[in-house]
Amino acid sequence: MSKEAVAEQKCDRRSLRSQRLLRQALAREIGATGDLSSVTVAGLTDCAGLTRRTFYSHYKDIPDFIEQVEASILDEVGRHVLAISASTLDDLYRNIHELEPASGSVELLSYLKKDGELIGALLGPGGDPAFIEKLLELVRACVRHRMETGIFPDALGTFFDYYLDSVITSELGVIKRWFQTGLKEAPETMARIMTVIAFVRPGDLYGKPIDINVPEYGMKLLGKSAARDLRSVLEVLAASNVGLQTSSLSSSGVEPRSKADAKDTI
């Protein structure tokens, strides 16, 4: 290896070390000041044991530093979320039955815990609210298309949009609580909890689960409960062996086509 190559390699190592120290210092400064907006270059470099010249050799200012730090975290999170979103419902049901986490979830949570001091500081009360919104938008973009797969068209729209936000916000809330309680549970344990928690229905923990025809309810809520539309959707459900009772037809004002329809489960 040439002298130039050796020098460049040493320079790269020093650069990576400086950036790592600055990231660690950022987490400590957020904790010390209680407010990300109070972090200064002087305080950051003093905490990291670096010169301000070193800081400015990598970043223009504090906002640029924060943006680059958050972008690197989002890139890593996005990579893991895409791996998780590749799972199908059949995969998830099988994982739950076998007490196994969703594929890729342990890797995501292991990454979050490894960089937990910094990520926890950014997610915490003194962190960056914009970072939380970026996380939500990232996950939404990663999983939206996958979650739409297999859904009949009439179920999409406003009702689905709110459902999607509900699921994502819930999962992020679980992660925030994990950080708030000191990351006590192992990533494997948290991955199992998060795999099943999205499927828990109101009443399940009380032994009184609720069973509703969500697609039909969603369409009624959005003013799409005309007999023709409902008949079309129920036929799709029947073809998919979804086990919907014919009573849903009569309750919606649609008469069964035949006596067999009236007696049998679709």
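Summary of the structure given here. (Residues numbered from 1 in each chain as written. Predicted model: local features only at pLDDT ≥ 70, side-chain atom pairs only at ≥ 80, totals over all residues. Heavy atoms only, no water.)

### A closer look at the packing of aromatic side chains
Point 1. For the structure on display, the rule yields 7 aromatic pairs.
Point 2. Relative to Phe65, the ring of Tyr59 has its centre 4.8 Å away and its plane inclined at 65 degrees; by these criteria the two rings are edge-to-face. Across the pair, Phe65 and Tyr59 agree in class, each one buried.
Point 3. Relative to Phe179, the ring of Trp178 lies with its centre 5.9 Å away and its plane at 65 degrees, an arrangement referred to as edge-to-face. (Phe/Tyr/Trp six-rings, centres within 6.5 Å; stacked < 30°, edge-to-face > 60°. Buried < 20%, exposed > 50% of the residue type's maximum accessible area, 1.4 Å probe, protein only.)

### Overview of the pattern of salt bridges
Point 1. A full pass over the atoms with the stated rule returns 9 salt bridges.
Point 2. Of the charged contacts in the structure, one is a salt bridge between Glu100 and Arg192, with a shortest N-O distance of 3.7 Å. Linking Glu100 in the loop between α5 (89-97) and α6 (105-114) with Arg192 in helix α10 (residues 187-197), this pair joins segments that are 92 residues apart in sequence.
Point 3. Assessed through its relative accessible area of 36%, Arg192 is described here as partly exposed.
Point 4. The partner of Glu137 in a salt bridge is Arg140, and the shortest N-O contact between them spans 2.6 Å. Of this pair, Glu137 and Arg140 both sit in helix α8 (residues 129-148), 3 residues apart, which is roughly one turn of that helix.
Point 5. Taken together, the shared-partner salt bridges in this structure form one network comprising Glu137, Arg140 and Asp165. (Salt bridge = Lys/Arg side-chain N within 4 Å of Asp/Glu carboxyl O. Helix = DSSP H or I, 4+ residues; strand = E, 2+ residues; numbered from the N terminus.)

### Comments concerning a nonpolar patch on the surface
Point 1. Together, Ile193, Val196, Ile197, Val200, Leu205 and Tyr206 make up an exposed nonpolar region whose accessible area comes to about 590 Å².
Point 2. With respect to the helices and strands, Val196 occurs in helix α10.
Point 3. Classification of Val196 as partly exposed rests on a relative accessible area of 35%. (Patch = residues over 30% accessible without salt bridge, like charges linked within 9 Å, V, L, I, M, F, W, Y side chains within 5 Å. Areas by Shrake-Rupley, 256 points an atom, 1.4 Å probe, with all protein chains shown as cover.)

### Focus on the nonpolar core
Point 1. Counting 51 residues, the largest nonpolar core has Leu26, Leu44, Phe65, Ile73 and Leu112 as its most contacted members.
Point 2. For Leu26, the contacting residues outside a window of four places in its chain are Leu36, Val39, Leu44, Phe65, Ile66, Val69 and Leu118. (Core = buried A, V, L, I, M, F, W, Y, C linked by side-chain atoms within 4.5 Å. Contact = heavy atoms within 4.5 Å.)

### A word on the side chain of Asp64
Point 1. Inspection of the secondary structure puts Asp64 in helix α4 (residues 62-85).
Point 2. Buried within the structure, Asp64 lacks any salt-bridge partner; Lys60 is the closest side chain of opposite charge, at an N-O distance of 5.0 Å. (Lys, Arg positive; Asp, Glu negative; His and termini not counted.)

### Some thoughts on unusual backbone geometry
Point 1. Even without being a glycine, Leu99 presents a positive backbone phi close to 60 degrees.
Point 2. Structurally, Leu99 can be placed in the loop between α5 and α6.

### Some points on the side chain of Ser18
Point 1. When you line up the elements, Ser18 lands in helix α1 (residues 3-33).
Point 2. Taking relative accessible area as the criterion, Ser18 reaches 9% and is therefore assigned buried.
Point 3. Once residues within four sequence positions are removed from consideration, Ser18 is found in contact with Leu50, Thr54 and His58.

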